[in-house]
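# Summary of structural features
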Amino acid sequence: MHFLDVIGSVKVHAEKRLHHERQMREVVEFELEKFREYCATQERRIAYLKAVLCRHGITIQAVKPFAGETIRVFAEVSNVPES
């Protein structure tokens with residue numbers, strides 16, 4: 001095999017891998033956006049329910065947010081076939 005053929009083969013392989021990684025990134029970004037929207041919806045729902053409780057004279061203890069703490073996140077990513 002000629003030296004330029006090897007370089008060309010490596011380049012094609014790298015381009016395919018890069019394309020695949022970009023596709024996977026898009027999938028993960030889409031999933032992340034779905035979870036962000038879900039969290040925002042949950043936060044609005046919690047605020048609404050807190051207001052309902054308050055209107056009825058029910059108090060709840062404040063819960064500290066997770067600021068500065070580590071949260072483990074697990075995401076299931078569908079397998080995107082390489083092109």
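Structure: see above.
What you are looking at is a predicted structure, and each value in this text was computed from that prediction instead of being measured.

## Digging into the overall build of the protein
Across its full length, the protein carries one helix and zero strands. The buried share of the protein, taken over its 83 residues, is 5%. For the protein, the accessible area works out to roughly 8,200 Å², and carbon and sulfur atoms hold 60% of it.

## What to know about a nonpolar patch on the surface
Where nonpolar side chains cluster on the molecular surface, the patch consists of Phe3, Leu4 and Ile7 and spans about 340 Å² of accessible area. By secondary structure assignment, the location of Ile7 is in helix α1 (residues 3-55). In this structure Ile7 comes out as partly exposed when scored by relative accessible area, which is 40%.

## Structural notes on the pattern of salt bridges
Taken as a whole and assessed by the stated rule, the structure comprises three salt bridges. Salt-bridge contacts for Glu29 lead to Arg25; the nearest nitrogen and oxygen are separated by 2.7 Å. With Glu29 and Arg25 both in helix α1 and four residues apart, this pair spans about one turn of that helix. Put simply, Glu31 and Lys34 hold a salt bridge, and the shortest N to O gap is 3.3 Å. Remark: Lys34 and Glu31 occur in helix α1; sequence separation between them is three residues, near one turn of the helix. Owing to a relative accessible area of 41%, Lys34 belongs among the partly exposed residues under this scheme.

Calculation notes
- Residues numbered from 1 in each chain as written.
- Predicted model: local features only at pLDDT ≥ 70, side-chain atom pairs only at ≥ 80, totals over all residues.
- Heavy atoms only, no water.
- Helix = DSSP H or I, 4+ residues; strand = E, 2+ residues; numbered from the N terminus.
- Buried < 20%, exposed > 50% of the residue type's maximum accessible area, 1.4 Å probe, protein only.
- Areas by Shrake-Rupley, 256 points an atom, 1.4 Å probe, with all protein chains shown as cover.
- Patch = residues over 30% accessible without salt bridge, like charges linked within 9 Å, V, L, I, M, F, W, Y side chains within 5 Å.
- Salt bridge = Lys/Arg side-chain N within 4 Å of Asp/Glu carboxyl O.

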